[in-house]
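Chain and residue survey
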Amino acid sequence: GPPDAFPVRFLDVGQGDAALLTSPAGATVLVDAGPEPDVVARELAAVGVHRLDVAVATHPHADHVEGFAEVLARFAVGVLLVPGCADGSPTDLAFGRAVREESVDAVVARAGDRFVVGDLRLDVLGPDRCWSGTNSDPNNDSIVLMASVGDRRVLLAADAERDAQAAMLDAGVDLRADVLKVPHHGGDTSLDAFLTASGASVAVVSVGQPNDYGHPVASVLAAITATGTRVARTDRSGTITVLLPVSGPVVLSSA
């Protein structure tokens, strides 16, 4: 029978994001594909992935989407979620070409949308608008997801910054989760109230070293750990797998 745990793998892609979610019933979701052309595709093959039910490109920055061309070429994808906030950059244009060349069904995801794949539910918490072209950072266009199986919840905050975080807090969005993917690689771009709202047991920072951004910053880590949350970092532990059993404590391991 299917395993009784919900594993989430935060892949070691250096300074970028990529997370693989596999539900007990076999639903498979990839959130972002890192900054390198083929690293994530190789990782998916290594763990036996043959198809992605859902892929999510949280926003068109190279450290999140550069690996998608190879992923889309090598794996069947049921649906690709995108924020629909194109910025016209070379990375954005190349990503769009890859999607068209592989004839992938792309769907714009907005706050309030819900996608269900078997026992895995994806609730879109943001963005509620396109922040691009305003005085706000385009990172706020990021798709923010709550992934859940039963009552086990993972908050995947992509690179959402203060404006987008404030919009979610002001709207009374339920941010409670067992696991938090720390926004923007632990950069100094988050509200303390957002970082602590999840009450997560484990917070994962997807980050590379060395980097020129000073990620993660000490004040962000301090705000998270002050609530008793355990912090894990891909730059120190490599790929991090968090197991969310149907019952019992969250289990953290490094691959």
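Please refer to the structure placed before this passage.
A few words now on the overall build of the protein. Looking only at helices and strands, one finds eight helices and 15 strands in the protein. The C-alpha atoms of the protein give a radius of gyration of 16 Å, which matches the 18 Å a tight globule of 255 residues would have. Judged by the C-alpha coordinates and their principal axes, the protein covers about 50 × 45 × 35 Å. Scored against the burial criterion, the 255 residues of the protein give a buried share of 56%. Summarising the internal contacts of the protein: among those between residues at least 6 apart in sequence, 62% fall at separations of at least 24.

Moving on to the pairing of strand β2 (residues 19-22). Covered by surrounding structure in β2 are Ala19 and Leu21 together with Leu20 and Thr22, the residues of both alternating faces. In the sheet, strand β1 (residues 5-10) pairs with β2 via three bridges, with the strands oriented antiparallel. Following the sheet pairing, Phe10 is matched in β2 by Ala19. Between the antiparallel neighbours β2 and strand β3 (residues 28-31) lie five residues, among them Gly26 with a positive phi of about 105 degrees.

Take empty space enclosed by the protein next. Rolling a probe over the atoms, with the probe sized like a water molecule, indicates the empty space that remains. Overall, the coordinates contain three cavities of 30 Å³ or more when judged by the stated rule. Each pocket or cavity is described by its volume, and for the largest cavity that value is around 70 Å³. Forming the boundary of the largest cavity are Phe10, Asp17, Ala18, Ala19, Val31, Asp32, Thr58, Leu156, Ala158, Lys181 and Ser206. Counted by class, the lining of the largest cavity contains six nonpolar, two polar and three charged residues. In this structure, the second largest cavity spans a volume of roughly 40 Å³. Taken together, His59, Pro60, His61, Cys85, Asp87, Ser132, Pro138 and Asp141 form the lining of the second largest cavity.

Moving on, we come to the packing of aromatic side chains. A ring pair, where both rings are aromatic, is described by two values, the distance of the centres and the angle of the planes. One pass over the structure, following the stated rule, counts one aromatic pair. Note on Phe68 and Phe95: the rings are 5.8 Å apart at their centroids and 55 degrees apart in plane angle, and the pair reads as tilted. Taken together, the positions of Phe68 in helix α3 (residues 68-74) and Phe95 in helix α4 (residues 90-101) put the pair 27 residues apart, joining distant regions of the chain.

On to the layout of surface pockets. Counted as a void, the largest pocket has a volume near 160 Å³. As for the largest pocket, its lining consists of 14 residues, and the residues nearest its centre are Val82, Pro83, Gly84, Asp92 and Phe95. At the level of elements, β5 (76-82) and α4 are the ones that each hand at least two residues to the lining of the largest pocket. Looking at the lining of the largest pocket residue by residue, the classes come out as ten nonpolar, three polar and one charged.

Below, the discussion takes up the side chain of Asp178. With respect to the element layout, Asp178 can be found in the loop between α5 (162-170) and β11 (179-181). Under the relative-accessibility criterion, Asp178 is labelled buried at 16%. Apart from residues no more than four positions distant in its own chain, Asp178 is found in contact with Asp151, Arg152, Arg153, Ala200, Ser201, Val202, Leu244 and Val250.

This part takes up the environment of Val99. Position of Val99 among the secondary structure elements: in helix α4. For the pair formed by Val99 and Leu72, sequence separation is 27 residues and the distance between their alpha carbons is 7.3 Å. Val99 has contacts with Leu72, Leu80, Val104 and Ala106, leaving out every residue within four places of it along the chain.

Inspection of the secondary structure assignment puts Glu43 in helix α1 (residues 39-46). Classification of Glu43 by relative accessible area gives partly exposed; the value is 29%. Sequence separation of Glu43 and Leu11 is 32 residues, and the distance between their C-alpha atoms is 7.9 Å.

Conventions and cut-offs
- Residues numbered from 1 in each chain as written.
- Predicted model: local features only at pLDDT ≥ 70, side-chain atom pairs only at ≥ 80, totals over all residues.
- Heavy atoms only, no water.
- Helix = DSSP H or I, 4+ residues; strand = E, 2+ residues; numbered from the N terminus.
- Rg over C-alpha atoms; globule rule 2.2 N^0.38 Å.
- Buried < 20%, exposed > 50% of the residue type's maximum accessible area, 1.4 Å probe, protein only.
- Contact = heavy atoms within 4.5 Å.
- Pairing = 2+ DSSP bridges.
- 1 Å grid on protein atoms, 1.4 Å probe; cavity = no way out; pocket = protein on both sides within 12 Å on 5 of 7 lines; lining within 4 Å.
- Points joined across faces, edges and corners; volume = space filled by probe spheres on them.
- Nonpolar A, V, L, I, M, F, W, Y, C, P; charged D, E, K, R; others polar.
- Phe/Tyr/Trp six-rings, centres within 6.5 Å; stacked < 30°, edge-to-face > 60°.

By themselves, these are just geometric observations and shouldn't be taken as functional.
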